[in-house]
Number of protein chains: 2
Amino acid sequence: MPSTPRYRQIAEHYLQAIRADALQPGDRLPSLRELMQLHGVSLSTALQVCRTLESEGWAEARERSGYFVTRPRRLKIVPMDEPATDRAPDPAQFVGIHEKVSAFVTQRRAHAVHLNLSTARGAPALYPAEAMRNAVTRALRQHPELLTQATPSRERTPFREAVAQRAVRVGMALSPEEVLPTHGCIEALNLALRAVAQPGDTVAVESPTFYGLLQVLETLGMRALEIPTSPQTGLSIEALELAIAAYRDIKAVVVVPHLQNPLGSVMPDAHKARLAALCEQHGMALIEDDTYSELLDAPAPARALKSFDRSGNIIHCASLHKVLAPGLRLGWINAGRWQARVEMLKYAQSRSNEALAQWAAGGFMASGGYDRHLKQLRASLRTQRERTAEAITQHFPPGTRLNLPPGGLQLWVELPRQLSSVAVFDAALREHILVAPGTLFSNTTRCDHYVRINCGLPWTPALEAGLRRLGEIVCAQYAAGAVRAAA
Amino acid sequence: MPSTPRYRQIAEHYLQAIRADALQPGDRLPSLRELMQLHGVSLSTALQVCRTLESEGWAEARERSGYFVTRPRRLKIVPMDEPATDRAPDPAQFVGIHEKVSAFVTQRRAHAVHLNLSTARGAPALYPAEAMRNAVTRALRQHPELLTQATPSRERTPFREAVAQRAVRVGMALSPEEVLPTHGCIEALNLALRAVAQPGDTVAVESPTFYGLLQVLETLGMRALEIPTSPQTGLSIEALELAIAAYRDIKAVVVVPHLQNPLGSVMPDAHKARLAALCEQHGMALIEDDTYSELLDAPAPARALKSFDRSGNIIHCASLHKVLAPGLRLGWINAGRWQARVEMLKYAQSRSNEALAQWAAGGFMASGGYDRHLKQLRASLRTQRERTAEAITQHFPPGTRLNLPPGGLQLWVELPRQLSSVAVFDAALREHILVAPGTLFSNTTRCDHYVRINCGLPWTPALEAGLRRLGEIVCAQYAAGAVRAAA
């Protein structure tokens, strides 16, 4: 980069060292005198280096001690606005997400993808592969017939026991028999919706929400009613109240109270209590998708929405897929007063879950290794989220906004309003980078200028370069838009 | 048994020896002189012993050599009638099987079950537990990230490859990518039905059929139209033609062409060709449930119904559950022209099947061990079916009929018409024996005097005693009915 001024080149050198963890938060940067000597520059250039790092949030001056590396410059991230919750509710409508997803999948398959930022998925390196392999072989040694004996549907497996035991920490009291294993959280959601609603019925969902849920509603022939959702506190209770007034026939409400996908919002306990009471009062089933709560950075586990259940009206669904082993599809459901119906639907749909995964995962969950793994996973994801957020703030065009959620696997990024996430998706894919366009997260056009970026990949120079390139692609779209607007 | 005549006591002694394999087919029985000496009886009693064994099919006289043990007396089994296929078709009706199954399950849970004859399931001892354990550990050694890496939906797993390769033998040409793994055959059937029909639509099924299919139809809100089915040749094509004339809106036909559950019938190839053409002609999807074909005792594998498909109109569903590992729920589907829709429904319902089971099962299927296992399994099941049929013929009341199917895990037993299978179920359960009452195999009352008996358990004295006791229970019901009729 011959046109880059000297101070910027030197600042970049230290930035790289910080990003590579060679310099960590709290480390002292070279003094002005050292910078002058090391790089053969004047005092004013050395000063410009330090002030650049400071103004971009990478370093802070401490009186009479010099400059020190700070935490990544979170403060510079421009947060999103809260949604308008007083507008007339959206129409409840049949979902047409499949066509969009299909187009996305078809396009994707036509290109080699070198950097996949489109999922909400952790890299294999973040999960305890060896411990899980050992858990599998141990289960097979202790129970030689696990593979050749049919699994009775009411068997008290170590998995059901471990889930029931951990549920106590988040305010639920379930017996192991009340924990019904499912093929991931997605099967649990299918069963929950089939238990409480019929084709044609209206179900309230968060907006934006993950396209997996919209696909489920579409395949079940149910109508989605999108409720404005705060990037901070989750589903807007006020907006839901307005929707109830407009639609008296809402059969169920589906929420992800902790680290909502894609927003990353976390619902405060007071909201959970209000939501539980509201649903009970209006005879709407409340379905909790609790896939991410173990990824929440917080001093104590968050109370499950289900812990506010007073009448069996809340259905709790969750999974180990994102937190223990992405190669397992092991989820569970407790369906409150619909438990018998859900058990019947599960039996008719796919019979009991296999025993081996339940013995292996349950064995590991009952060990101290599980909590140690979760702690480490949360720490890795925190770093990855912060680094990704920082790269986006640095490389994306002005007007980009995002919230840094207190946990989880992804960032939801609002691009300048005039940008199209589909155009960004197309342009990025041509350069072998895959992002999830916002169009997939709503049945409306409201999210068309958002993208969801996965933070599940360990931070590497290649990832950093990919995010920088993605930023350039978005900036090019932004510049092209500005040219069009001026013309 | 003090009232049992002496010759009968002695005959029973030799029967027990035959059943316990102490005497095997071809073995010489004691001579008349030896019998007289051994048991201290007269020549006429000794003769009566031999003639009893002979008349009941256990022994045969060879000129100048004495009596020899024969194969079990298959010839004495009274076969069932063929169904009437020229009657007006049943009404297509919503299924109400769940209530019956619930009642059955509730009752069952209230009793300790010592002998479970109600399933269609092989005992763990019949399956290659050690080889499958080794296959799992080998897969994990070769692919250390199988448990921690998400499974891509289009991954070419060894399981898909093995299924595609074996499909060639039965007349199908599928690429591994066209084999979609599912959670057992039951998930495959759910997906197939959801792909081709909507709630309220009419689906033609065999009558009797397994309650699993009726449950699927009930939970999907579809109507079942029961088509008379031959215990020998399966679904009656003539009866289906009559039904088509009466109901022009049949959306799909579901058949088990090989070893139908519960009948054990096998559809001749000529019927398969006619059925395929008929469904194509009338725009009805044809769904083949091929769960049992590997259990068929035949010199060559039976041609899949799907091999008669000329237009993508046949959906093929199958599973390893009954043939390789009851602890795995690994099935598959090829949905012909509905493949893309089924892939989408599968993704929305439960995502891709886990990789580990696919690597382990696929690895074993690609080895010679799989065919050796199947051969041994078929031989074991043949013995068990024959022994069970023999015990039923011996101990059940006159008027009992059954067909000895050429393979599979079960016998479908017709009791004298005045008997109620529910009463037999109740009485047997009080004695800790579980049978599947015929009421569960039809949405009509047509099967109320049938029971399905599992033959998946290795033959033991306890099993033999259980079947004898079951026979006594049925005989008591029969006698009580005769008394009631006389009163």
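Criteria and cut-off values
- Residues numbered from 1 in each chain as written.
- Chains lettered and ligands numbered in written order.
- Predicted model: local features only at pLDDT ≥ 70, side-chain atom pairs only at ≥ 80, totals over all residues.
- Heavy atoms only, no water.
- Least-squares fit on C-alpha atoms with pLDDT ≥ 70 in both.
- Contact = heavy atoms within 4.5 Å.
- Helix = DSSP H or I, 4+ residues; strand = E, 2+ residues; numbered from the N terminus.
- Buried < 20%, exposed > 50% of the residue type's maximum accessible area, 1.4 Å probe, protein only.
- Lys, Arg positive; Asp, Glu negative; His and termini not counted.
- Salt bridge = Lys/Arg side-chain N within 4 Å of Asp/Glu carboxyl O.
- Buried area = accessible area lost by both parts, 1.4 Å probe.
- Polar contact = N/O pair within 3.5 Å; in protein donor to acceptor, adjacent residues only side chain to side chain.
- Pairing = 2+ DSSP bridges.
- Axes fitted to C-alpha atoms, helices over the stretch in contact; angles between N-to-C directions.
- Domains from an automatic or database assignment.
- Nonpolar A, V, L, I, M, F, W, Y, C, P; charged D, E, K, R; others polar.

> What am I meant to see in the relation of the copies chain B and chain A here?
Copies of the same chain, two in number, are related to each other by a rotation about an axis and a translation along it. Between chain B and chain A, which share one sequence, the superposing operator has a rotation angle of 179° and an axial displacement of 0.0 Å; the RMSD is 0.4 Å. Viewed as a symmetry operation, the transformation between the two copies matches a two-fold axis. When C-alpha positions in chain B are compared against the rotation axis, the closest is assigned to Thr137(B), at 3.4 Å. Interface residue correspondence from chain B to chain A reaches 100%, placing this contact among same-surface, isologous pairings.

> Just to check I follow, could you spell out the side chain of Lys322(A) for this structure?
Residue and element names in this part refer to chain A. Residue position: lysine 322 is located in the loop between strand 11 (314–319) and strand 12 (330–334). This buried residue, lysine 322, is left without a salt bridge; aspartate 289 holds the nearest opposite charge, at 9.1 Å. Once residues lying within four places of it in the same chain are set aside, the contact partners of lysine 322 are Ala120, Tyr127, Thr291, Tyr292, Leu295, Leu377 and Leu409.

> Is there a simple way to explain the interface of chain B and chain A in this structure?
Between chain B and chain A, the residue contacts involve 52 residues of the former and 52 residues of the latter. Of all residues in chain B, Leu147(B), Thr148(B) and Glu354(B) give up the largest surface area on contact with chain A, accounting jointly for 15% of the area buried on that side. If you look at where chain B meets chain A, you find zero salt bridges. If you look at where chain B meets chain A, you find 13 residue pairs in polar contact (both at pLDDT 80 or more). Only helix 4 (97–109), helix 5 (129–142), helix 7 (184–196), helix 8 (211–219), helix 11 (339–350) and helix 12 (355–365) of chain B provide two or more residues apiece to the side of chain B that touches chain A.

> Could you clarify how one ought to interpret the sheet that holds strand 17 (residues 450–454) of chain A in this entry?
Note: strands within a sheet are paired through backbone hydrogen bonds, in either parallel or antiparallel orientation. Residue and element names in this part refer to chain A. Read across the sheet, four strands follow the order 13-14-17-16 without closing on themselves; strand pairing throughout is antiparallel. Each edge of the sheet is formed by a strand with only one pairing partner; in this case those strands are strand 13 (401–402) and strand 16 (436–437). Sheet topology note: the strand 13/strand 14 (residues 410–414) ladder contains two bridges and is antiparallel. Within strand 14, the residue paired with arginine 401 across the bridge is glutamate 414. Strands strand 13, strand 14 and strand 17 of the sheet are contacted by helix 13 (residues 368–395), whose axis makes an angle of about 20° with strand 14.

> How should I be thinking about the environment of Leu263(A) in this particular structure?
All names here are of chain A. Among the structural elements, leucine 263 can be located in the loop between strand 9 (250–255) and helix 10 (269–281). Separated by 146 residues in the primary sequence, leucine 263 and leucine 409 have C-alpha atoms spaced 11 Å apart. Excluding its chain neighbours within four sequence positions, the residues that come into contact with leucine 263 are Pro208, Thr229, Ser230, Pro231, Pro405 and Trp412.

> I keep staring at the environment of Ala318(A) and nothing clicks. Help me out?
Residue and element names in this part refer to chain A. Relative to the assigned elements, alanine 318 resides in strand 11. Sequence separation between alanine 318 and alanine 131 is 187 residues, and the spatial gap between their C-alpha atoms is 22 Å. Here alanine 318 is in contact with Cys185, Asp290, Gly331 and Trp332, once residues within four sequence places are set aside.

> Explain the domain arrangement of chain A here, please?
For interface size, the figure often reported is the accessible area lost on association. Residue and element names in this part refer to chain A. When the domains of chain A are assigned, the result is domain 1 (6–71), domain 2 (76–124 + 373–486) and domain 3 (127–370). Inter-centroid distance (C-alpha atoms) of domain 1 to domain 2 is 31 Å. The interface of domain 1 with domain 2 comprises eight residues on the first partner and seven residues on the second. Of the roughly 640 Å² buried between domain 1 and domain 2 on both sides combined, carbon and sulfur atoms contribute 29%. Applying the counting rule to domain 1 against domain 2 returns zero salt bridges. Scanning the region where domain 1 abuts domain 2 turns up one residue pair in polar contact (both at pLDDT 80 or more). Element by element, the count of residues in the side of domain 1 that touches domain 2 is highest for helix 1 (residues 6–19), at four residues. Taken together, the residues of the side of domain 1 that touches domain 2 sort by class into three nonpolar, one polar and four charged.

> Can you walk me through the pattern of salt bridges in this structure?
For side chains bearing opposite charge, pairing can occur when the charged atoms are close. Under the counting rule described, the total for this entry stands at 38 salt bridges over all chains. A salt bridge links Arg382(B) to Asp297(B); the nearest nitrogen and oxygen atoms lie 3.2 Å apart. Here Arg382(B), found in helix 13 (residues 368–395), pairs with Asp297(B), found in the loop between strand 10 (285–289) and strand 11 (314–319); they are 85 residues apart in sequence, far enough to count as distant. Residue classification places Arg382(B) among the partly exposed residues on the basis of a relative accessible area of 34%. In the salt-bridge network here, residues are joined through shared partners; they are Arg166(A), Arg169(A), Glu294(A) and Asp371(A).

> How should unusual backbone geometry be read in this particular structure?
Comment: phi is negative for the bulk of residues other than glycine, and the bulk of peptide bonds are trans. Looking along the chain, the bond that leaves Asn261(A) and enters Pro262(A) is cis, with omega of 15°. Of note, Pro262(A) is situated in the loop between strand 9 and helix 10. Although it is not a glycine, Leu259(A) adopts a positive phi angle of roughly 60°. Tracing the backbone shows Leu259(A) in the loop between strand 9 and helix 10. Owing to a relative accessible area of 2%, Leu259(A) belongs among the buried residues under this scheme. Positive phi, normally seen in glycine, also occurs at Arg64(B), with a value near 60°. Relative to the assigned elements, Arg64(B) resides in the loop between strand 1 (59–62) and strand 2 (66–69).

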